[in-house]
Amino acid sequence: MWSKLIRGSFDPQFESKKWVMPPKSICKNRLCQLLGIVSPSLIQVNSGDKVANYEIQILKYLCYKRKLKKHQWKRLYKEVRQERKEKEIFDIWFKKIEEKLRNEYDR
């Protein structure tokens, strides 16, 4: 009970309660993937969207566990802010198109 009072609220934008399994492309074999052991050389070779998404999910988990360092928090906050901004831009663009279609339909 006390831990909930001390901890504060859970924010799904910045925190993830579940540990994320690394993608196959950055692990040596299936056992390493299950244990969460990541190969640094494979990360350099396979630096794609899956790896970037995995790193962000790990930062969210560490944030939930309260083990983030300052530079990691800044990176996570920057990513979340960028996602939010992209979503807002898309919503504005979608509303403008919807409005144009409504105006054309009303004529």
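Summarised in this report is the structure supplied together with it. (Residues numbered from 1 in each chain as written. Predicted model: local features only at pLDDT ≥ 70, side-chain atom pairs only at ≥ 80, totals over all residues. Heavy atoms only, no water.)

## Focus: the overall build of the chain
Here is step 1 of the chain: In terms of regular secondary structure, the chain is built from five helices and zero strands.
Here is step 2 of the chain: Starting at the N terminus, the α and β elements of the chain follow one another as α-α-α-α-α.
Here is step 3 of the chain: Taking 2.2 N^0.38 as the reference for a compact globule, 107 residues should give roughly 13 Å; the C-alpha atoms of the chain span a radius of gyration of 20 Å, well beyond that estimate.
Here is step 4 of the chain: In terms of overall dimensions, the chain has a C-alpha envelope of 65 × 45 × 25 Å along the principal axes.
Here is step 5 of the chain: Taken across its 107 residues, the chain has 21% of its residues classed as buried.
Here is step 6 of the chain: Taking the contacts inside the chain whose residues are at least 6 apart along the sequence as the reference set, 48% of them involve residues at least 24 apart. (Helix = DSSP H or I, 4+ residues; strand = E, 2+ residues; numbered from the N terminus. Rg over C-alpha atoms; globule rule 2.2 N^0.38 Å. Buried < 20%, exposed > 50% of the residue type's maximum accessible area, 1.4 Å probe, protein only. Contact = heavy atoms within 4.5 Å.)

## Describing the side chain of Q33
Here is step 1 of the chain: Tracing the backbone through its elements, the reader meets Q33 in helix α2 (residues 30-35).
Here is step 2 of the chain: At a separation of 3.0 Å, a polar atom in the side chain of Q33 contacts the main-chain carbonyl oxygen of P22.
Here is step 3 of the chain: Setting aside its immediate chain neighbours within four residues, Q33 contacts M21, P22, P23, K24 and C27. (Polar contact = N/O pair within 3.5 Å; in protein donor to acceptor, adjacent residues only side chain to side chain.)

## Here we look at the pattern of salt bridges
Here is step 1 of the chain: Tallied over the entire structure, the rule returns three salt bridges.
Here is step 2 of the chain: The salt bridge involving R75 is made with E55; its shortest N-O contact spans 2.9 Å. One end of the pair, R75, is in helix α5 (residues 70-106); the other, E55, is in helix α4 (residues 49-64), with 20 residues separating them in the sequence.
Here is step 3 of the chain: Assessed through its relative accessible area of 27%, E55 is described here as partly exposed.
Here is step 4 of the chain: Note that E98 and R102 form a salt bridge whose closest N and O atoms lie 3.3 Å from each other. Taken as a pair, E98 and R102 lie in helix α5 at a separation of four residues, close to a single helical turn. (Salt bridge = Lys/Arg side-chain N within 4 Å of Asp/Glu carboxyl O.)

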